[in-house]
Amino acid sequence: MPMTDNTWNTAITDVKANEIRLRGYRIDELMGRVDFGQALHLLLRGELPEEKVGRLMTAILVSSMDHGPGAPSAHAARNAASTGAPLSACVASGVLAINRFHGGAIEDCARALEQVVGLADEKECSLDTAADQVLAGYKSRKVRVSGFGHRVHTADPRTARLFELAAEAGLAGRYIEACKAVESGLERQSGKRLPINVDGAIGAVLLELGFEFEVMNGFFILARTAGLIAQAREETTRERKMRKIVPGTHCYDGPPARETENR
Ligand SMILES: CC(C)(COP(=O)(O)OP(=O)(O)OC[C@H]1O[C@@H](n2cnc3c(N)ncnc32)[C@H](O)[C@@H]1OP(=O)(O)O)[C@@H](O)C(=O)NCCC(=O)NCCS
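Residues numbered from 1 in each chain as written. Predicted model: local features only at pLDDT ≥ 70, side-chain atom pairs only at ≥ 80, totals over all residues. Heavy atoms only, no water.

Now for the layout of surface pockets. Quantified by volume, the largest pocket comes out at close to 900 Å³. Along the walls of the largest pocket sit 34 residues, with Phe-101, Phe-148, Gly-149, His-150 and Asn-197 positioned nearest its centre. Looking at the lining of the largest pocket, the elements that each hand over two or more residues are α7 (127-140), α9 (174-190), α10 (198-209) and α11 (213-238). Of the residues contributing to the lining of the largest pocket, the split by class is 14 nonpolar, eleven polar and nine charged. By volume, the second largest pocket amounts to about 580 Å³. Those elements giving two or more residues to the lining of the second largest pocket turn out to be α4 (72-82) and α11. (1 Å grid on protein atoms, 1.4 Å probe; cavity = no way out; pocket = protein on both sides within 12 Å on 5 of 7 lines; lining within 4 Å. Points joined across faces, edges and corners; volume = space filled by probe spheres on them. Helix = DSSP H or I, 4+ residues; strand = E, 2+ residues; numbered from the N terminus. Nonpolar A, V, L, I, M, F, W, Y, C, P; charged D, E, K, R; others polar.)

Another aspect to go through is the site of the ligand. Contacts to the ligand come from 14 residues, most closely from Arg-144, Val-145, Gly-147, Phe-148 and Asn-197. At 2.7 Å, a backbone N or O of Gly-147 approaches an oxygen atom of the ligand. At 2.8 Å, a side-chain N or O of Asn-197 approaches an oxygen atom of the ligand. In isolation the ligand exposes 860 Å². Once the protein is present, 62% of that is buried. Taken atom by atom, the bulk of the ligand overlaps the largest pocket. Residue classes in the shell around the ligand are distributed as five nonpolar, five polar and four charged. (Near = heavy atom within 4 Å. Polar contact = N/O pair within 3.5 Å; in protein donor to acceptor, adjacent residues only side chain to side chain. Areas by Shrake-Rupley, 256 points an atom, 1.4 Å probe, with all protein chains shown as cover. Sits in = over half its atoms within 2 Å of the grid points.)

Bringing the environment of Arg-238 into the picture now. Turning to its location among the elements, Arg-238 is positioned in helix α11. Relative accessible area serves as the criterion here: at 48%, Arg-238 is assigned to the partly exposed category. Reaching out from Arg-238, the side chain makes a polar contact with the side chain of Asp-253 at a distance of 2.7 Å. (Buried < 20%, exposed > 50% of the residue type's maximum accessible area, 1.4 Å probe, protein only.)

A word on the environment of Ala-130. Tracing the sequence through the fold places Ala-130 in helix α7. Dropping the residues within four chain positions of it, Ala-130 is found in contact with Val-116, Leu-119, Ala-120 and Cys-125. (Contact = heavy atoms within 4.5 Å.)

Another point: the domain arrangement of the protein. Split by domain assignment, the protein resolves into domain 1 (13-49) and domain 2 (72-238). If you average the C-alpha positions of domain 1 and of domain 2, the two centres end up 28 Å apart. Domain 1 puts five residues into the contact, and the matching count from domain 2 is five residues. Roughly 440 Å² is buried in total at the junction of domain 1 and domain 2, and carbon and sulfur atoms are behind 78% of that figure. On the domain 1 side of the contact with domain 2, Leu-40, Leu-44 and Arg-45 bury the most area, a combined 81% of that side's loss. Counting the contacts that link domain 1 with domain 2 gives zero salt bridges. The interface formed by domain 1 and domain 2 includes two residue pairs in polar contact (both at pLDDT 80 or more). Grouping the amino acids of the side of domain 1 that touches domain 2 by side-chain chemistry returns three nonpolar, one polar and one charged. (Domains from an automatic or database assignment. Buried area = accessible area lost by both parts, 1.4 Å probe. Salt bridge = Lys/Arg side-chain N within 4 Å of Asp/Glu carboxyl O.)

What follows is the structure, given as structure tokens:
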């Protein structure tokens, strides 16, 4: 539509009869040529990234797809499913349970990491010293540091792999170092090991990639939507309607452990 005084502007997708262009690229040309991570970068940042960045972004999405029926969002989606809700309502219920302490810690963690790196630069001190100072502020305000601690894992396998992939892509820098400095700082401060969780790792990697804070939690929401579909569908097809769903009482009966190399 040509611009007039009554139009408003969008720079994301241009749709004409028989032609759809995402940030200028024909969507049918992108299909089969770029992976979802690259296309997501194009959508959010306006440019197609190098393949290694796309791979890292796809890895972020895979890392957070699902974490079993005990995760608060899966529990919410299953409860909705057990009442007979349609798929859209089940997914929406699950997404509404993604908040500061579950899946929505990415942005707050990234903001804390930026504070640590900023302080280290300003005071010309080590990241450890800066982390200790920032953590002292959290402690005095009795606020938990987002991105650290986990109900199940003491060493989250997703964190190690994301950092490994970032290093392989030559994208591991000061924010990932700051994340590790906060983890050790928390242990120095409290005597407790509060491991970097997947939200924290994603926050650090997205900072390295230059994403703005405001979109960061969207990565978890996007990824976990896939898991919520699976959880809701399984609830609907395998369980009694309106059953009492007690978290932690489930038993896994899917395929046994297997390796991707055997595919
Ligand atoms: C994820 C989380 C809820 C798991 O908690 P948990 O393992 O059940 O641990 P608890 O809530 O029982 O806390 C145990 C102790 O560690 C402290 N603690 C836990 N996570 C902490 C954090 N991120 N920062 C500071 N202290 C923390 C608690 O205050 C508590 O201290 P206390 O024993 O003196 O009261 C918790 O670590 C947290 O709130 N983390 C921050 C939010 C976050 O990153 N969420 C994403 C999870 S993937």
